[in-house]
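# Summary of the model geometry
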Amino acid sequence: MRLARDKANLPLALETAIVRCAPVDGNRPSPTVDLVAAVHIADSAYYRQLNREFSGYDAVLYELVAPENANVPRKGDASNNHPITLLQNGMKDVLELEFQLKGIDYTPKNMIHADMSPDQFYKSMQDRGEGMMTILVRMMGYALARQNQDFGEASGADWLLRCSTRIARRR
């Protein structure tokens with residue numbers, strides 16, 4: 001991800017990348033892998049573009065901490081009482097943006113869940129001595145520390161409201 005700025009150094013867009021990985025030896029046929037960066041909260045046009053991008057792939061492996069054999073999230077289904085989901089939904093409301101689970105369509109056959117179960121996720125956090133509060137406090141501290149450095153006088157919410165989210169292709 002990167003923050004694109006205008007000539008006056010004001011935030012213009014938060015860009016995520018699609019990067020293609022292919023064998024160095026271009027003479028032999030081989031599969032390629034595209035790494036698609038995505039954000040959890042963005043404007044709805046961003047998610048419409050991602051859905052168009054995803055439709056062109058044979059397979060899309062997506063991250064979503066969910067139990068094995070869980071139901072595929074239905075587009076628009078962002079109802080969940082998990083603290084992180086509540087925080088993300090609150091942020092999207094304050095910023096007047098869209099939530100990833102509401103904007104991305106996970107139902108096409110090429111969409112494949114490829115992430116940990118909640119039990120695996122919490123165990124990995126315990127193994128590192130982390131908890132949800134540790135992560136949230138660390139994220140907030142980092143954001144506050146960078147806010148004045150990166151965005152001058154504008155608050156994080158102010159610059160986000162002035163930015164669009166877009167996809168930049170890198171090959």
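Residues numbered from 1 in each chain as written. Predicted model: local features only at pLDDT ≥ 70, side-chain atom pairs only at ≥ 80, totals over all residues. Heavy atoms only, no water.

## Things to note about the overall build of the protein
Where we set the bar: Counting from the N terminus, the helices are the DSSP runs of H or I reaching at least four residues and the strands are the DSSP runs of E reaching at least two. In this scheme, a residue with accessible area under 20% of its type's maximum is buried, one over 50% is exposed, and one in between is partly exposed, where area comes from a 1.4 Å probe on protein chains only. Residue contacts are counted whenever heavy atoms from the two residues lie within 4.5 Å of one another. Computed by Shrake-Rupley with a 1.4 Å probe, the accessible areas treat only the displayed protein chains as cover when residues are assessed.
Regarding its fold elements, the protein presents 6 helices and 8 strands. Start at the N end of the protein and walk to the C end: the helices and strands fall as β-β-β-β-α-β-α-β-α-β-α-α-α-β. Buried positions account for 29% of the 171 residues belonging to the protein. Taking as baseline every contact in the protein between residues at least 6 positions apart, the subset at least 24 positions apart corresponds to 64%. Total accessible area computed for the protein in this model is approximately 11600 Å², and 55% of it derives from carbon and sulfur atoms.

## Thoughts on the pattern of salt bridges
Rules: Salt bridge criterion: a side-chain nitrogen from Lys or Arg within 4 Å of a carboxyl oxygen from Asp or Glu.
One pass over the full model with this rule turns up 3 salt bridges. Two residues, lysine 123 and aspartate 127, come together in a salt bridge whose shortest N-O distance is 3.0 Å. One end of the pair, lysine 123, and the other, aspartate 127, are both in helix α4 (residues 118-127), 4 residues apart, so they sit about a helical turn from each other. Relative accessible area serves as the criterion here: at 48%, lysine 123 is assigned to the partly exposed category.

## As for a nonpolar patch on the surface
Stated precisely, the cut-off is as follows: Residues with no salt bridge and a relative accessible area higher than 30% make up the patches, which join like charges within 9 Å and nonpolar side chains (Val, Leu, Ile, Met, Phe, Trp, Tyr) within 5 Å.
Taken together, the side chains of Val19, Val33 and Leu35 define a hydrophobic patch exposed on the protein surface, amounting to about 240 Å² of accessible area. Residue classification places valine 19 among the partly exposed residues on the basis of a relative accessible area of 33%.

## Things to note about the environment of arginine 2
You can see arginine 2 is positioned in strand β1 (residues 2-5). On the basis of relative accessibility, which here comes to 43%, the residue arginine 2 falls in the partly exposed class. Taking C-alpha positions, arginine 2 is 8.6 Å from alanine 17, a pair spaced 15 residues apart along the chain.

## Focus on helix α1 (residues 44-55)
Short version of the rule: Helix span, expected: 1.5 Å multiplied by one less than the number of residues in the helix. Each C-beta atom gives one direction from the helix axis, and the arc is the one those directions make.
For α1, spanning 12 residues, the distance from its first C-alpha to its last is 17 Å, which sits close to the expected 16 Å at 1.5 Å a residue. All of the buried residues along α1 are Tyr46, Tyr47, Leu50, Asn51, Glu53 and Phe54. All buried residues of α1 fall inside an arc of 160° around its axis, so they share one side. What points out from α1, more than 90 degrees from its buried face, is the exposed set Arg52 and Ser55.

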